[in-house]
Amino acid sequence: MTGPFPFAAMVGQDELKRALTVNAVAPDIGGVLLYGEKGTGKSTAVRAFSEVLPEQAVVTDCPFGCDPSSATDLCDRCRSRQKCGEQLQTETRAVRVVDLPLNATADRLVGTLDVERAVTDGIRQFDPGILAEANRNVLYVDEVNLLDDHLVDVLLDAAAMGENVVEREGVSVRHPAEFMLVGTMNPEEGSLRPQLLDRFGLVVDVAGIDDVDQRVEISRRRAAFDADPETVRAEYADQQRELTQRIVAARERLPDVTVPQPIEDDISNAAVDGNVAGLRGDITVRKTARAIAALEGEETVTTAHCEEAMSLALPHRMQSVEETGGSTSATMTLPEEVTREADDGQSDSEEGTDGQVPNNSGRSELIVEDGEVYPIDDTAFTLEKDRELRDRYARRVPSDVRRRSGRYVRAQDDETVDDIAVDATVRAAALNQEYREANEDRSIVVEPEDLRQKLREGTTEALVVLVVDSSGSVMNGPQMRETKRAVLSLLEDAYRTRDKVAVISFRGKDASVEVAPTYNVRRARRRVSRLRVGGNTPLSHGLVDAYRLIERERRGNDDLYPVVLVLSDGKVNVPYENGADPEQEAVQFASLFDEEDVSAVYLDTGFALNDAKYSLWSDSAARDAKREEYEWNRTLADAMDAEYVPLIDLPDGNFIQP
């Protein structure tokens, strides 16, 4: 079998290779996440990396590959044998890359009962899983951002404790699970859970190579490897061995590497300035800087070592960072450099005396100012429909449901079993074979009480449709600013939950689909930043376009879960049909979403955000007008069977100042 492409033969991607190498020197750094578009060499680098890692001593007959030199990091069996005075036999093994498939079950990850031993010998023995294989090896998760949440939870527990504890089916096992976690992901396919992201010691943004000479050289080396892999591997064998020796020397030097007090201060100051939550960032920078110094043959960490370490270990932990193609932080700035376009031939004379644009003006303006997004308050609205398929709108939601479709994730003992989990049923029966009369053919005897029900995870694709009022009425006061911030924040929330998004705006005499359904939230943000505002309020046109878009998407996906979020102040003044009443039409079209059982939220962008226009009114007149506007927007929300939410209640925190 041909080995992987040589690590030393990789062209460019120096930061990627550096992050992997320093993890090899100091495995307690916590692994690395390689973050970038497809075709940039992420998977190739990971698989090639294992061949430059030094071999390691392991206990010969231990399924977990325990370290014979450690008295603490041993499995229960090795520890028991050692306490009895037994000399553990050892051997040398190469470090392996162990894959965690996205479709793995929890049993496959943590391990389970060895059915063969249970049936043939009546012995309850543990059958090790992926975490056992990964101990002291590299655990590799490709497309880690698509890993199901139930596997993420198990992975987080193991990474936090450094061991895997299994208590199930009469089996009680505790074994070490110390591994270098390496993940790769394409940010356009969704974000990563913050809890898992923080577990990666280092994060590298892997960009494509633009240098023509390097691209040509990559193609040449790949073609040579495909034609004669062994010759290419032999050509780089010396460089591979040299890198391995550097790693070994750095490991030996690492305990003697010191960090001066000024450098320690710089690390903590950088963490504080970057609003880094917790202390894991500080600790990881220190470990990484020491590993870099050891690789460079130094015994003292310098400012250069520290700065390189901070560039790898801090950015993904910062609470406020600039967008670099998709941020994972809770709150961040989205700087969109937008070139101001022409005013479609309209003159400045259309402005009112107060400098604002009248609602009925034909002039349009770009929303150009930068704004911060904010975290969405999950309690601001609770969508009640289709709750069997999800607990909040999201593309990938673990839901244990009694259905015969979906991915089988686990089994349970149930009174009624109509979808038999064969593996769990056999394991349950195996435990009782010694008490049952064996068949002549020595097959396993299964009784009704052994039957186990499959629990399947229903994965539903969510489509979040933002219907945005970009008419002139939202340009007054703080409405324009906060409407934009709300849209950007909702897009960021959709990115975090891996939802497909679409954006429809309405202004003037019509509505338009600004962003067709996509997972590319980055593109949606850019389009929203260029959104033009001004003119009348054709709310019905926006509702009709949203309804038709959902109908079209549903025809291609029966399991689609659509969510409509309307952002408007409700000042509808354009009929859909000539001569019709705009308000009656708006109520009529809003009711379509209720009839089709589409979950909806109506975000009132005018509530408590546009009170300046009442400054010259009497108190009673202002109260009556506000009440009338509120009741009208509630009427629209009720017609949609939507949850009514004032825009000021959307953020999770005090982010809006009316």
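Our subject is the structure that appears above.
Residues numbered from 1 in each chain as written. Predicted model: local features only at pLDDT ≥ 70, side-chain atom pairs only at ≥ 80, totals over all residues. Heavy atoms only, no water.

Draft legend 1. The pairing of strand E10 (residues 180–185), seen in detail. By the criterion of burial, E10 is predominantly enclosed, with 6 of the 6 residues buried. Burial along E10 is two-sided: the face carrying Met 180, Val 182 and Thr 184 and the face carrying Leu 181, Gly 183 and Met 185 are both buried. Inspection of the sheet shows strand E1 (residues 32–36) paired to E10 by 4 bridges, in the parallel sense. Counted as the bridge partner of Leu 34 is Thr 184 from E10. (Buried < 20%, exposed > 50% of the residue type's maximum accessible area, 1.4 Å probe, protein only. Helix = DSSP H or I, 4+ residues; strand = E, 2+ residues; numbered from the N terminus. Pairing = 2+ DSSP bridges.)

Draft legend 2. Examining the packing of helix H13 (residues 280–295) against helix H14 (residues 303–313) more closely. The geometry of H13 relative to H14 is characterised by a closest axis approach of 8 Å and an angle of 130° between their N-to-C directions. It follows from the interaxial angle that H13 and H14 lie oblique. For the element pair H13 and H14, the recorded crossing hand is right-handed. Residues Thr 284, Val 285, Thr 288, Ala 289, Ile 292 and Ala 293 of H13 touch H14, and the partners they reach there are His 305, Cys 306, Glu 308, Ala 309, Met 310 and Ala 313. Its residues assigned to classes, the contact of H13 with H14 shows 8 nonpolar, 3 polar and 1 charged. (Axes fitted to C-alpha atoms, helices over the stretch in contact; angles between N-to-C directions. Parallel < 35°, antiparallel > 145°, perpendicular 65-115°, else oblique. Left-handed = near helix turned anticlockwise from the far one by under 90°. Contact = heavy atoms within 4.5 Å. Nonpolar A, V, L, I, M, F, W, Y, C, P; charged D, E, K, R; others polar.)

Draft legend 3. Molecular detail of the pattern of salt bridges. Across all of its chains, the model carries 19 salt bridges by this definition. Its salt-bridge partner being Arg 18, residue Glu 308 comes within 2.8 Å of it at the nearest N-O pair. In this pair, Glu 308 sits in helix H14 while Arg 18 sits in helix H1 (residues 14–25), placing the two residues 290 residues apart along the sequence. Glu 629 serves as the salt-bridge partner of Lys 571, at 3.0 Å between the closest nitrogen and oxygen. Placement of the pair is Lys 571 in the loop between strand E22 (561–568) and helix H19 (582–595) and Glu 629 in helix H20 (residues 619–640), with a sequence separation of 58 residues. In this structure, a network of salt bridges that share partners links the residues Asp 61, Arg 77, Arg 81 and Glu 86. (Salt bridge = Lys/Arg side-chain N within 4 Å of Asp/Glu carboxyl O.)

This is a description of form; function is not addressed.
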